[in-house]
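# Chains, contacts and geometry: an overview
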Amino acid sequence: MIPVADAIQIVLAQTANLPVESIALTEAQGRILAEDVVADSDLPPFDRAQMDGYAVRAADVAVAPARLRIVGESAAGAGWHHEMKTGEAVRIMTGAPVPVGADAVQQVELTREVDSGSQVEILEPVEAGRSIVKQAAEIKAGETVLHAGEDINAAMIATLASFGYAQLKVGRRPRVAVMATGSELVDVDKKPGADQIRDSNNYTIAAYATLAGAIVERWPLAGDDTEELKKQIKQAAETSDVLITSGGVSMGVYDFMKPALKELGAEIFFERVALRPGKPTVFARLGNTLVFGLPGNPVSVAVTFNLFARAALRKMQGAKQPGLIAETAVLARAVKGSVDRESYLPAILRTDEQGTLLAEPLKWGGSSDFVAFARATALMSIAVGVGVLEAGSIVKIVRLPTSD
Ligand code: AMP
Ligand code: MG
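Residues numbered from 1 in each chain as written. Chains lettered and ligands numbered in written order. Predicted model: local features only at pLDDT ≥ 70, side-chain atom pairs only at ≥ 80, totals over all residues. Heavy atoms only, no water.

## Some points on the packing of helix H1 (residues 4-14) against helix H6 (residues 298-316)
The contact between H1 and H6 brings their axes to 9 Å, and the two run at 30 degrees. Relative to H6, the element H1 lies roughly parallel. H6 is crossed by H1, and the crossing has right-handed handedness. The segment H1 lies against H6, with Val-4, Ala-7, Ile-8, Val-11 and Leu-12 engaging Leu-307, Phe-308, Ala-311, Ala-312 and Lys-315. Residues of the contact of H1 with H6, tallied by class, amount to 9 nonpolar, no polar and 1 charged. (Axes fitted to C-alpha atoms, helices over the stretch in contact; angles between N-to-C directions. Helix = DSSP H or I, 4+ residues; strand = E, 2+ residues; numbered from the N terminus. Parallel < 35°, antiparallel > 145°, perpendicular 65-115°, else oblique. Left-handed = near helix turned anticlockwise from the far one by under 90°. Contact = heavy atoms within 4.5 Å. Nonpolar A, V, L, I, M, F, W, Y, C, P; charged D, E, K, R; others polar.)

## Some words on the pattern of salt bridges
As enumerated under the stated definition, the model contains 22 salt bridges in all. Between Arg-48 and Glu-138 there is a salt bridge, with the nearest N and O atoms lying 3.5 Å from each other. With Arg-48 in strand S3 (residues 48-49) and Glu-138 in the loop between strand S10 (132-133) and strand S11 (144-146), this residue pair connects regions lying 90 residues apart in the sequence. The shortest N-O distance in the salt bridge between Arg-91 and Glu-113 comes to 2.9 Å. Of the two residues, Arg-91 is situated in strand S6 (residues 88-92) and Glu-113 in strand S8 (residues 111-114); the sequence distance between them amounts to 22 residues. Shared partners join several salt bridges into a network, and the residues in it are Arg-67, Arg-112 and Glu-121. (Salt bridge = Lys/Arg side-chain N within 4 Å of Asp/Glu carboxyl O.)

## Thoughts on the packing of aromatic side chains
Here the structure, examined in full by the defined rule, presents 6 aromatic pairs. Between Phe-270 and Phe-283, the aromatic rings sit 5.5 Å apart at their centres with planes inclined by 40 degrees, giving tilted as the arrangement. Separated by 13 residues along the polypeptide, Phe-270 in strand S18 (residues 267-270) and Phe-283 in strand S20 (residues 282-286) bring together distant segments of the chain. Of the two residues, Phe-270 and Phe-283, neither departs from the other in class, the shared state being buried. Members of the aromatic cluster, each reached through a chain of ring pairs, are Phe-269, Phe-270, Phe-283, Phe-292 and Phe-308. (Phe/Tyr/Trp six-rings, centres within 6.5 Å; stacked < 30°, edge-to-face > 60°. Buried < 20%, exposed > 50% of the residue type's maximum accessible area, 1.4 Å probe, protein only.)

In structure tokens form, the structure reads like this:
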């Protein structure tokens, strides 16, 4: 058995980046940047008015009210490109360039047009610099504003658009083959017969793999038969970057996943992790395809996918931060650890009246209790050898991925 952290390191070390591809900005959300994003212009690109009002010289209105001659108008997209002299004012709109000679904008509410619009009375003084954002105050041309390896989210779209990234480079999405194994499995649209259950793991893995940026292909259910498994594994590996199986990796008489992989000549990197749930997780490579042999239990699948396979899928796309990010919360109810394994137990996160983040362990019946798991929003990590972690303790958590 190897520690969870070691297993994650092995996964990352064995995972190579996929080629970069160019995509349209409209397709960028959820992808991982494969180039640094560089400003092609200053921001703002000119001295910009932050208010509707009048561009003035602060010295002209030091004693208010002060009358100035209106000499022009600067609107967004249509500036007034002359030099504004002392005693003059330019009517200006938010987002418009401030004329040369002006050093402040007085907001329209503190002004009054007189003489049928030929003059303006500035009702209060305004200090130099007021309501003007100087050219390049935010960003200078040539500055790197986003970095390769970052996740592209909605908040970044304005930056990409503003600097002209109509097309941008991202890591190619990994192709993932998903294959459930087990002679008891029937597909979701079938009524299970005696001794049968419906497959859920293919759907769970497909859902989480999509959240990790992958393109998923679901393979037919495979029975517990080494020859059948070998045939299907070989085919799936030929057409995918990553193969993710579930089931058949425990110590049972019909657990044929490892023999099948070994007979096909796969290189096995690990096959037992000090993890609860998820101990029999297998990580291997067959040809150029990474193989994750996840356990069969639906909750183990969710845990092991997100700890190991997700990291690989994100690393392939060039993510700087491929793994789940650890945070802390206050444990709402005591939980038991394990003597020889790190636990990743499902929990519901909530915030109490003081604003403290609490992790509430699920009342669950073990790794097969996927109905309880349906409410989980995080996993709590309990270190190896911790007997009981009391309510009120600080606990390490990782959030389960969601689409928001
Ligand atoms: P195994 O790892 O193959 O021994 O499976 C462990 C448990 O998970 C057994 O109770 C299986 O019936 C169940 N299981 C295995 N594969 C799936 C699946 N695809 N969907 C739902 N349950 C499964
Ligand atoms: Mg099985």
